[in-house]
Amino acid sequence: MPSQSIYNAFLAHEGVALFEFLGSGALKPLAALPEWCSSLSLTNRDKSFRLGEKSPFLENFLAEAEEFWASKASGSANSGNWIETDSSGTQIPLEASAFWLAGKRVLLVRNISGTFSDQQKLFQTARDSLLTHERLMSEIQKKDILLHCIIHDLSQPLTSMRGCFDLLVGKKLAPDAAKFVQIGRRESQRQERMIRGILEAFSADLVGEPAAGQAEAASCDLISCAQRAVEQFAPAYAERGIHLVLAPYMDTERGWRAVGDAPRVDRVFGNLLENALRFSPNGSTVTVRAEESKGALTAFVDDEGPGLPKESSQKDLFALSSKGRGRPRKSGLGLYFCKITIERWGGTIGAQNRPAGGSRFWFRLPRAAQEAGDASEEHTSSPNFGPGSVSADHAGSKRPNSRPGR
Amino acid sequence: MLQKKICMLGSFSVGKTSLVRRFVESIFDEKYHTTIGVKVDKKVVRAESEEVTLVLWDIHGEDVFQTMRMTYLRGMSGYLLVVDPTRKQTLEDALSLQARVREGMGQIPWILILNKCDLASEWEIDLDRIKILQNGGQPVIRTSAKTGEGVEEAFVGLARAVLHSAS
């Protein structure tokens, strides 16, 4: 058994005061009191005292402790942290426990200064972060509301314009006028896509959707998305005299389901095709294809344009800016949307110059789990592809062979 | 002298500690110092023509890291439920906390404190909800621990309500 002096020294070193509860709020010290006890006006001269009168917090805890002792439960009752202030204004963090020891009702009060400052720092950092997060979310919400207002105001006149063009399409017009109506109709559709692109790129809906790797992520058929985009852009390519081709691909028994929701993957393909169209010369070819590799599916859009400027980095290409590839661009929004969308699903996106000339934009998405389905994907009939190249010039026409395994 | 236990309740960073410091020590610190656990202060006030010692329990704010122990409220005579109106969630959290307190402790005098009234232009809370509470007889006081506005009124007002409720 250790001597009383070692026992006292140990408790003093640990900042622990031990008391026996005598009943009716009275406590008797079981060892010499550590220095901090003077903050509660407790001295070693006292044989017993009422701690509750010294500290309102302890008075409160003693009521809880009495219930614990009366219950004869094992373990201990803990007070949680509290702070006492001594006469000099120094704050002392304390913690109390009540338990049974050798048949005695024991109250242990410990000075936790040693660990309290670390705990304080941890909580301070955590709560500062929570506040920052709250402020950020509030800003995003405000911007989202503003964005929706702007989008609404921009879209309204456009909807009227489109309605007018749609009405005119059904009229008997002179060939020149019909052509102008078609151009007006197409350009208003393009404008609508651009406005929707702004909304999709910045909407808080996008910020709030499941992050990469989460089970809730939707899945889509990558080839179907590619085909829809090719069909959508076929007229614009044809008008510029550029061939848009959906290349033959290696079929796979596991299909082409990738993580990501179909409408947004359609938009990604669309943005890449729009980008390629902007930089492709007349008579050149833009090819869309896909590959499977190590649990991921990769889509490519290859063009025969001037290629990427030497000084442009991947970061610059997909950043939100007005600087573009080779020559000034109207906006970096399209590629920025592609980047945030693909990365949101745990994918990657990039671009490089092709050895044969032109540029290659690609994105890679994780392969979706086999059973995953996507309610949001359009329920069009499965696209049929022939064994050779599929040209967008023929989009919509019946294709000769069904794609096996799908 | 009569002593009354008053608790400061509300989410983290709504200004509970700052209100106590302003009231007891006439000090305000712009920097946010989070409270862990409980700190007890005392101040004598005159209410209903008698002197009362308010024993002020500044209890840590609730968040994902810490929840408040209901045992802290034992013996409480009244409480100030503090909201930061620049953060609308703090009103929701406060009202939810108030429901828990009412369930656990019964009807006890309380005042809803809309703190940070020096930042009134940044308030986000739905003031119609506050009006509904006020119309139902709930005392609501706007305070600023920074400027001191409404602080004395809040504590002394609660002391009065506590004495009135006891009589």
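The structure we're discussing is the one just above.
Residues numbered from 1 in each chain as written. Chains lettered and ligands numbered in written order. Predicted model: local features only at pLDDT ≥ 70, side-chain atom pairs only at ≥ 80, totals over all residues.

## Overview of the overall build of chain B
Heads up, the condition is: Numbering of helices and strands runs from the N terminus; a helix is a DSSP stretch of H or I covering at least four residues, while a strand is a stretch of E covering at least two. Counting other C-beta atoms within 10 Å of its own, a residue is labelled buried from 20 upward, exposed at 12 or fewer, and partly exposed in the gap between, with every C-beta atom placed from the backbone. Here the contact rule is simple: place C-beta atoms from the backbone, and any two residues whose C-beta atoms are within 7 Å are in contact.
Counting secondary structure elements, chain B contains four helices and six strands. In sequence order, the secondary structure elements of chain B are arranged as β-α-β-β-β-α-β-α-β-α. Out of the 167 residues in chain B, the part that is buried amounts to 43%. A separation of at least 24 residues holds for 74% of the contacts in chain B among residues at least 6 apart in sequence.

## Examining the interface of chain B and chain A
Applicable threshold: Amino acid classes used here: Ala, Val, Leu, Ile, Met, Phe, Trp, Tyr, Cys and Pro are nonpolar; Asp, Glu, Lys and Arg are charged; the rest, including Gly, are polar. Strand pairing follows a simple DSSP-based rule, namely that at least 2 bridges must link the two strands.
Every contact between the two is made by 17 residues of chain B and, on the other side, 18 residues of chain A. Element by element, the count of residues in the side of chain B that touches chain A is highest for strand β2 (residues 38-47) of chain B, at three residues. The class makeup of the residues in the side of chain B that touches chain A is seven nonpolar, five polar and five charged. Of the pairings in the sheet, the one linking strand β4 (residues 77-85) of chain A to β2(B) comprises two bridges and is parallel in character. Bridged to A:W82 within β2(B) is B:V38.

## Structural notes on the sheet that holds strand β5 (residues 91-101) of chain A
The 12 strands are arranged β3(A)-β2(A)-β1(A)-β6(A)-β5(A)-β4(A)-β2(B)-β3(B)-β1(B)-β4(B)-β5(B)-β6(B) in an open sheet whose pairing can be described as mixed. Each edge of the sheet is formed by a strand with only one pairing partner; in this case those strands are β3 (49-50) of chain A together with β6 (140-142) of chain B. Bridging between β5(A) and strand β6 (residues 104-111) of chain A involves eight bridges; their strand directions are antiparallel. Bridge assignment links A:S97 to a residue of β6(A), and that residue is A:L108.

## Looking at the pairing of strand β8 (residues 243-246) of chain A
Residue and element names in this part refer to chain A. Across the two faces of β8 the burial differs, with L244 and L246 buried and H243 and V245 not buried at all. Pairing geometry for β8 and strand β10 (residues 285-293), over four bridges, is parallel. Counterpart to L246 in the pairing with β10 is V288.

## Here we look at helix α4 (residues 151-166) of chain B
Residues and elements named next belong to chain B. Short version of the rule: By this rule the span expected of a helix is its residue count minus one, scaled by 1.5 Å. By definition, the arc is the one covered by directions from the helix axis to the C-beta atoms.
A rise of 1.5 Å per residue sets the reference length of α4, with its 16 residues, at 22 Å; its end C-alpha atoms lie 23 Å apart and thus fit the reference within 8%. Burial in α4 covers these residues: V151, A154, F155, L158, A159 and V162. Viewed end-on, α4 has its buried residues packed into an arc of 130°, placing them on one side of the element.

## Looking at the environment of A:R254
Mapped onto the elements of the fold, A:R254 is located in the loop between β8 and β9 (257-259). In sequence terms A:R254 and A:R367 are 113 residues apart; their C-alpha atoms lie 9.4 Å from each other.

## A closer look at the nonpolar core
Using the following cut-off: Nonpolar core, as used here: buried Ala, Val, Leu, Ile, Met, Phe, Trp, Tyr and Cys residues forming one set through C-beta atoms within 7 Å.
Within the largest apolar cluster, 64 residues are counted, with the highest numbers of intra-cluster contacts made by B:M8, B:W57 and B:L80. When sequence neighbours within four positions are dropped, the list of residues in contact with B:W57 reads B:K5, B:I6, B:C7, B:M8, B:V38, B:V40 and B:Y72. In this structure, A:I223, A:F279, A:F318 and A:A368 belong to the second largest nonpolar core, which totals 44 residues.

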